[in-house]
Amino acid sequence: MAAADEVTVEDLTDDPHPHWHLLRAQAPVAWVPALQGWVVTGYHLAASVLRDAATFTVDDPRFSTGQLFGPSMLSTDGAAHARFRAAFAGAFKPAQIRSQFAGFIEGTLDRLMDGASSPTEVRRAIAGPLAVAVMARVLGLARLQPAMLLDWYAQLAAGVNRLSVGQPAGQDAVAAHSALSDELARAFRQHRALVTSNGLSLDEAVANAGILLFGGIETTEGMIALAVWHLLAEPAGLARVSAEPGLIDVAVEESLRLEPAATRVDRYATRDVDLGGVKIASGSLVIVSLAAANRDPAVFSEPDRFDLSRQNSHRNLALAAGPHFCLGAHLTRLQTRTVLQRIARQWPSAELDQARSTQPVGLVFRKPDRVIVRH
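In short, a report on the structure. (Residues numbered from 1 in each chain as written. Predicted model: local features only at pLDDT ≥ 70, side-chain atom pairs only at ≥ 80, totals over all residues. Heavy atoms only, no water.)

### Points about the pattern of salt bridges
Counted by the stated rule, this structure contains 28 salt bridges. Between D114 and R342 there is a salt bridge, and its shortest N-O distance comes to 3.8 Å. With D114 in the loop between α6 (94-113) and β4 (120-121) and R342 in helix α14 (residues 329-346), this residue pair connects regions lying 228 residues apart in the sequence. Where D369 meets R370, a salt bridge forms, and the shortest distance between an N and an O atom there is 3.7 Å. Judged by relative accessible area, which is 32%, D369 ranks as partly exposed. Judged by its relative accessible area of 33%, R370 is partly exposed. Via salt bridges that share partners, E121, R123, R124, E218, E221, K367, D369 and R370 belong to a single interconnected network. (Salt bridge = Lys/Arg side-chain N within 4 Å of Asp/Glu carboxyl O. Helix = DSSP H or I, 4+ residues; strand = E, 2+ residues; numbered from the N terminus. Buried < 20%, exposed > 50% of the residue type's maximum accessible area, 1.4 Å probe, protein only.)

In structure tokens:
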């Protein structure tokens, strides 16, 4: 196993978990040259960094999504962050989500799952199209083809991956952002979005909507695909949640814990600070590894195991914590939970084709390329 100064981007893209375990055992904060940053692998320190925006900020010109999307709720702190987030927060309250989307998600799954031939490749046939349909409804983009939005976000995710290791985002990512921004501007001008700009300028509304779409499409697609992959890879997993529907929520949280669709969040130290006994200089990149924190054995026993009996899965940090906790958390959980419920009800004998399905991969955004289900 590679030490911190030997671990490569390829190692962390393929299977980061053994490397995070090794580094965490040595110290909960480590300098990783391949990432040119301090990586926080311990759960409690990770949570403290996420909650302390005054010391560990996103408001830095190096922040990857800020370079692509411009200032947004994801790349600002303080008053600007509060103003951006407040403009959209009302649409994502739990009661609003249930009333606006529970029936829509069920209806969309009727279309996607009814008559689906076996085997089904769940990521592209269900997870991606569902995530696109929901966010298109939120932001008034119904005229766009799902394949187009998914392609744009694949390019944007690749751009963020490149930026995270100090490379340019790439022309494909820049072009995808331009095309997406044009569509979002059109939706806001025509007042077709369910969310409104609430006093933001058009550029501000577009940047923040683009970020919402990033979570709503890229990471939600990954979250659904991973949840199906984890549940069906678990012996008798589907039978257990069918017999005990209350375990669906545990399955969602365990999947989030075991493999977050977004593996890390970046912060920048605003002052010289001691973090876990490590002296970190002002301006340094501090990478909170959500993937590592969620497998900290000090918090989660047998952390590499998908366990439907786990009592504290809900403590996972997959959707972050503090002021940047995922605004769409209720919506993405509702989609994932509904997909698992429908599979248990509609495909009770579903099995994961492990030979043809693939393992999760990705440096920043992780998901399996193929989740093939026989039913």
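Having seen the structure, we can now continue with the description.
### Topic: the sheet that holds strand β3 (residues 56-57)
Spatially, β1-β2-β8-β5-β3 is the arrangement adopted by the 5 strands of the open sheet, whose pairing is mixed. Whereas interior strands pair on both sides, the edge strands pair on one side only; in this sheet they are β1 (29-32) and β3. Bridge count for strand β2 (residues 37-40) against strand β8 (residues 285-289) is 3 bridges, and the pairing is parallel. Within the sheet, the bridge partner assigned to V39 lies in β8 and is I287. (Pairing = 2+ DSSP bridges.)

### Structural notes on the pairing of β1
Note that β1 and β2 share 4 bridges and pair antiparallel. Each residue of the ladder has a partner; that of A30, found in β2, is V39. The turn joining β1 and β2, which pair antiparallel and follow one another in sequence, is formed by 4 residues; a positive phi near 50° is taken by Q36.

### Quick word on the packing of helix α8 (residues 146-164) against helix α9 (residues 171-189)
Relative orientation of the contacting elements α8 and α9 amounts to 135°, with a least axis distance of 8 Å. Taken together, α8 and α9 sit at an angle that is classed as oblique. Crossing hand, α8 versus α9: left-handed. Residues L149, W152, Y153, Q155, L156, G159 and R162 of α8 touch α9, and the partners they reach there are D172, A173, A176, H177, A179, L180 and E183. Split by residue class, the contact of α8 with α9 holds 8 nonpolar, 3 polar and 3 charged. (Axes fitted to C-alpha atoms, helices over the stretch in contact; angles between N-to-C directions. Parallel < 35°, antiparallel > 145°, perpendicular 65-115°, else oblique. Left-handed = near helix turned anticlockwise from the far one by under 90°. Contact = heavy atoms within 4.5 Å. Nonpolar A, V, L, I, M, F, W, Y, C, P; charged D, E, K, R; others polar.)

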